[in-house]
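Single-letter residue listing:
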Amino acid sequence: MLANVIHSQERLHAAFGGVVPELAAREHLERLPGLVDAALERAGVEPADLDLVAATRGPGLVGCLLVGVGAAAGLADAWGKPLRGVNHLWGHVYAALLSQPDLEPPLLALVVSGAHSDLVRMPEHGRFEVVGRTRDDAAGEAFDKAARMLGLGYPGGPALDRLARQGDAARQPLPVPTLRGLEYSFSGLKTALLYRLRDLESPSDRDRADLASAFERSVVESLLAKLDQALKEWPVREVVVCGGVAANTLLRTRAAEVIGTRARLTIPPLELCTDNAAMIAAAAEHAPDGPAVAAPELSW
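Residues numbered from 1 in each chain as written. Predicted model: local features only at pLDDT ≥ 70, side-chain atom pairs only at ≥ 80, totals over all residues. Heavy atoms only, no water.

> So, the pattern of salt bridges: which residues are in play, and what are the values?
Across all of its chains, the model carries 23 salt bridges by this definition. One network of salt bridges, in which partners are shared, links Arg121, Glu124, Arg127 and Glu129. (Salt bridge = Lys/Arg side-chain N within 4 Å of Asp/Glu carboxyl O.)

> Run through the packing of helix α7 (residues 187–200) against helix α8 (residues 205–233), naming residues and quoting values.
Where α7 contacts α8, the two axes come as close as 11 Å, and the packing angle between them is 165 degrees. The angle between the axes of α7 and α8 places the two elements in the roughly antiparallel class. Crossing of α7 against α8: the hand is right-handed. Contacts between α7 and α8 involve Leu189, Lys190, Leu193, Arg196, Leu197 and Leu200 on the former and, on the latter, Asp207, Leu211, Phe215, Ser218 and Val219. (Axes fitted to C-alpha atoms, helices over the stretch in contact; angles between N-to-C directions. Helix = DSSP H or I, 4+ residues; strand = E, 2+ residues; numbered from the N terminus. Parallel < 35°, antiparallel > 145°, perpendicular 65-115°, else oblique. Left-handed = near helix turned anticlockwise from the far one by under 90°. Contact = heavy atoms within 4.5 Å.)

> Provide a residue-level description of the side chain of asparagine 248, including the pertinent values.
Here asparagine 248 lies in the loop between β6 (238–242) and α9 (249–259). According to the relative accessible area criterion, asparagine 248 is buried, its value standing at 6%. Looking at asparagine 248, its side chain comes within polar contact range of the main-chain nitrogen of leucine 250, at 3.0 Å. (Buried < 20%, exposed > 50% of the residue type's maximum accessible area, 1.4 Å probe, protein only. Polar contact = N/O pair within 3.5 Å; in protein donor to acceptor, adjacent residues only side chain to side chain.)

> Just give me the short version of the packing of aromatic side chains, but keep the residues and values in it.
Summed over the entire model, instances satisfying the criterion amount to 4 aromatic pairs. Seen in terms of ring centroids, tyrosine 184 and phenylalanine 186 are 6.0 Å apart; in terms of plane orientation they differ by 15 degrees. Their pairing is stacked. On the accessibility criterion, tyrosine 184 (1% relative accessible area) is buried. The class for phenylalanine 186 is buried, based on a relative accessible area of 0%. Through a chain of ring-to-ring contacts, three or more aromatic side chains come together here, namely Trp90, Phe128 and Trp300. (Phe/Tyr/Trp six-rings, centres within 6.5 Å; stacked < 30°, edge-to-face > 60°.)

> Break down the nonpolar core for me, citing the residues and quoting the values.
In this structure, Leu110, Phe215 and Leu227 are the most contacted members of the largest nonpolar core, which totals 46 residues. Mapped by element, the contributors of at least two residues to this core are β3 (107–112), α5 (139–149), α6 (156–164), α7, α8, β6 and α9. Those residues in contact with leucine 110, other than ones at most four positions away along the chain, are Asp118, Leu119, Tyr184, Leu223, Leu224, Leu227, Val240, Val241 and Cys242. The next biggest cluster of nonpolar side chains, apart from the first, holds 26 residues, and it includes Val86, Val120, Cys242 and Ala278. (Core = buried A, V, L, I, M, F, W, Y, C linked by side-chain atoms within 4.5 Å.)

> Let's hear about the packing of α5 against α7: which residues, and what values?
Their axes nearest at 10 Å, the elements α5 and α7 cross at an angle of 10 degrees. The pairing of α5 with α7 is recorded here as roughly parallel in orientation. Between α5, through Ala142, Lys145, Ala146 and Met149, and α7, the contact on the second element is made entirely by Lys190, Leu193, Leu194 and Leu197. Looking at side-chain class alone, the contact of α5 with α7 contains 6 nonpolar, no polar and 2 charged residues. (Nonpolar A, V, L, I, M, F, W, Y, C, P; charged D, E, K, R; others polar.)

Below is the structure:
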């Protein structure tokens, strides 16, 4: 990985409490050319040195995907390089391979982000089998909505993480969502938090910290209970926890405890957990050839 230049839009969207798709797409359009130049300069390479141009084709916000695919298509044409569209979710798994160069399938991955909570088997490069996923909200979305209920800022996940470090989950316990099989559900947990806040009427700072800790614990334990179950059903030597939610402090700690010595656990460093270009470049090597067309509803 010679360069991985990231421009955060957190400040742009903070005033709205969430991502505004139109603003996000415009920011992509304005910033992307400069980021490409910065990446080439930081890597110390010229376009002639490249073998391939890769771009995220989906899933994601359609406006942002269109900007990325359009820019990549223009660069590939101007530079005379092949263009490859890459599945966003594949990228999160391949972020783990960037941080652990000897990591090879077969592996089991827990991919947790703002829009996805998926348990995935990867028997070989470029092949994924979804064995479990959420019925409703993804873990990241649940964290963001819980943070909003607790009066925290945007982005909600990191803010809730910080507050949870000050609390004690045992003082305000919340249920751990449990479904049969390998499915997740976090909508009921959000409702439980809402009712607890209503019962408290005017929660103190300590109450809010305790509830943040309890909510975080319930989400993390639910995620890892299914990962533990999946590892028992499909024993493998490599386990990956990835996606934006993999930056959560408790999830990183508890995942190591749950997996133990049964497999090697790889969690990407924080800068490779949230969306980044390096993971798409890593996945591009194993992505199938085909037109790079934006596909916002793309799944695995």
